[in-house]
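Results of the structural survey
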Amino acid sequence: NLAIVFLIVNVIMTNFGKRIFAGFCSNFASKYNDVSNSLKIELFKDLNDMKKGEKISILEIGAGPGANFKYFDREALVQTVEPNLHFAKYFDENRSKFPKLDIKDIKEGFGEDLSAAGIADASVDAVVMTLVLCSVQDQLKCLEEIKRVLKPGGKFFYIEHIIGEKGSTIRTVHKLLMIGGFWPFMADGCCTDRATDKVMETAGFGKLEQRKYDMPTSEDAGISFTICRGILKPHVMGVATK
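Residues numbered from 1 in each chain as written. Predicted model: local features only at pLDDT ≥ 70, side-chain atom pairs only at ≥ 80, totals over all residues. Heavy atoms only, no water.

**Some remarks on the overall build of the protein chain**
What counts, and what does not: Working definition: helices are DSSP H or I runs of at least four residues, strands are E runs of at least two. Numbering for both runs from the N terminus. It is over C-alpha atoms that the radius of gyration is taken, and the globule rule equals 2.2 Å times the number of residues to the power 0.38. Three labels apply to residues, based on accessible area from a 1.4 Å probe with only protein chains included: buried if under 20% of the type maximum, exposed if over 50%, partly exposed otherwise in between. Contacts are assigned to residue pairs that have any heavy atoms within 4.5 Å of one another. Reported accessibility uses the Shrake-Rupley method at a 1.4 Å probe radius. Residues are deemed covered only where the shown protein chains occlude them. In this tally, Lys and Arg are treated as positive and Asp and Glu as negative; His is ignored, and so are the chain termini. Where a charge lies is defined by one atom per residue type, namely NZ (Lys), CZ (Arg), CG (Asp) and CD (Glu).
For the protein chain, the helix and strand inventory stands at 8 helices and 8 strands. Scaling as 2.2 N^0.38, a compact globule of 242 residues should have a C-alpha radius of gyration of about 18 Å, and the protein chain matches this with 18 Å. Out of the 242 residues in the protein chain, the part that is buried amounts to 48%. The contacts in the protein chain between residues at least 6 apart in sequence include a share of 75% that link residues at least 24 apart. Split by element, the accessible area of the protein chain, about 12,000 Å² in all, is 57% carbon and sulfur. Charged side chains in the protein chain number 32 positive and 31 negative. The centres of these two groups are separated by 1 Å.

**Description of the nonpolar core**
Put simply, the rule is: Side-chain atoms within 4.5 Å link the members of a nonpolar core, which is a set of buried Ala, Val, Leu, Ile, Met, Phe, Trp, Tyr and Cys residues.
Formed by 37 residues in total, the largest nonpolar core has its most connected members in Phe-44, Leu-47, Ile-58, Phe-72, Val-78 and Phe-157. Going through the elements one at a time, helix H1 (2-43), strand E1 (56-61), strand E2 (76-82), strand E3 (101-103), strand E5 (124-130), strand E6 (150-161), helix H8 (223-232) and strand E8 (234-241) are the ones with two or more residues in this core. Top element by residues in this core is H1. It accounts for 5 residues. With sequence-adjacent residues up to four places away left out, Ile-58 is seen in contact with Leu-47, Phe-72, Ala-76, Leu-77, Val-78, Gln-79, Ala-126 and Val-128. By size, the runner-up hydrophobic cluster in this structure holds 26 residues, among which are Val-124, Ile-146, Val-199 and Phe-205.

**Things to note about the pairing of E1**
Two faces make up the sheet, and in a regular strand the side chains alternate between them. Where we set the bar: At least two DSSP bridges between two strands are needed for those strands to be called paired.
Here E1 lies mainly inside the structure; 6 of its 6 residues are buried. Judged by which residues are buried, E1 turns out to be covered on both faces: Ile-56, Ile-58 and Glu-60 on one side and Ser-57, Leu-59 and Ile-61 on the other are all buried. Two strands pair when backbone bridges link them, and E1 and E5 are joined in this way by 3 bridges, in the parallel orientation. Note on E5: the bridge partner recorded for Glu-60 is Val-128.

**Topic: the pattern of salt bridges**
Put simply, the test is: By salt bridge we mean one thing: a side-chain nitrogen of Lys or Arg within 4 Å of a carboxyl oxygen of Asp or Glu.
In the structure shown here, the tally under the stated rule is 16 salt bridges. Where Asp-102 meets Lys-104, a salt bridge forms, and the shortest distance between an N and an O atom there is 3.3 Å. Looking at Asp-102, the relative accessible area reads 25%, which means it is partly exposed. For Lys-104, a relative accessible area of 36% puts it in the partly exposed group. Between Lys-212 and Asp-197 there is a salt bridge; the shortest N-O distance is 3.8 Å. Of the two residues, Lys-212 is situated in strand E7 (residues 207-214) and Asp-197 in helix H7 (residues 196-201); the sequence distance between them amounts to 15 residues. According to the relative accessible area criterion, Lys-212 is partly exposed, its value standing at 41%. Exposure remark for Asp-197: the relative accessible area of 6% places this residue in the buried category.

**Quick notes on the state of the cysteines**
Disulfides are covalent bonds that link the sulfur atoms of two cysteine residues. Just so we agree on the cut-off: Disulfide assignment relies on a single distance test, namely cysteine sulfur atoms paired within 2.5 Å.
Applying the stated criterion across every chain, the model contains 0 disulfides. Among the cysteines around Cys-134, which has no disulfide bond, Cys-190 carries the closest sulfur, lying 3.8 Å off. The thiol of Cys-142 is unpaired, and the distance to the nearest cysteine sulfur, on Cys-134, comes to 11 Å.

**So, a nonpolar patch on the surface**
The following threshold applies: Exposure above 30% relative accessible area and the lack of any salt bridge qualify a residue for a patch; like charges then connect within 9 Å, and the nonpolar side chains Val, Leu, Ile, Met, Phe, Trp and Tyr within 5 Å.
Together, Phe-182, Phe-185 and Met-186 give the surface a local cluster of nonpolar side chains, amounting to about 270 Å² of exposed area. With respect to the helices, strands and loops of the structure, Phe-185 is situated in helix H6 (residues 182-186).

**So, the environment of Phe-98**
Mapped onto the elements, Phe-98 comes out in the loop between helix H3 (88-95) and E3. For the pair Phe-98 and Phe-69, spaced 29 residues apart in sequence, the C-alpha separation works out to 7.4 Å. Excluding residues within four positions of it along the chain, Phe-98 makes contact with Phe-69 and Lys-70.

**Brief notes about the side chain of Asn-68**
Here Asn-68 is to be found in the loop between E1 and E2. Ignoring anything within four residues of it in the chain, the contact list for Asn-68 reads Lys-40, Phe-44, Glu-60, Val-128 and Thr-130.

Printed below as a string of C-alpha cells:
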C-alpha cells in the first residue's frame, strides 16, 4: 500500500532525517570537492591572499563536515556555525587533518542569528558558505548578519546551486520538486527554486563579483551523485566585499 510506504518514510525522515542527511551530505561533499576542486581553488584564492603573513579570522556558516577546510591554505582561526550537530563526528575527523588551522569547536546556530552563536560585530575577515543559502529560512536576513560580522573590507565567499533559467526544463524540474515541500523535506530544508544570484545583487555589499556555471561531473561519480548533480546543475559562485 502506497500510503503505508509514505507513512514509513515520513516517520523515518521526521525522526532520523537530520542524522541521515549528515551522513549522506558528508559523502556527497567529498565527491563534490573532487569535481569542483579547480573552482574552489579559484574561489578561495582571495581568501588565501588576504592580509599576507597575518592569522585571519574565518567564519563558515553551515560548515557541515568541514569539506572546505582543505582550501584554507594559510594560518587562520576558523569558527563554524552549523544547525545540524549530527555533522560533529565528520567535522572532528576533518578538523584533525589540518593542524595549521586553528579550528574551534562547532557551534550550533543559524545564519539568520549569528549573535546567538556568539559572533560579534565586525569580528571576522572572511565568511564562507557553500551550498547553504539554499536552505536558510531567510536569505536577506542571513546576508545582513554576514555584513554585520564582517570587518570593514571583509569578504564573503560563496558557492550555491540556483534555479534554472526561464524556459529551461531544469527550471520546471526545480519547481516540481518544491510542490508540497517534497525536496526540502527530503533534503533538510534545501530549496531548488532560489535565484541566489539575483538576491546577491540586491544584498547591499560594497562590491560583488560572481559568475554562473554548470556544476561539473565525472564518469565515476556514482549514480546518487549523478542524480543530485542533474538536479543541482545550475550554480553561482562569487566574492562579495563589505
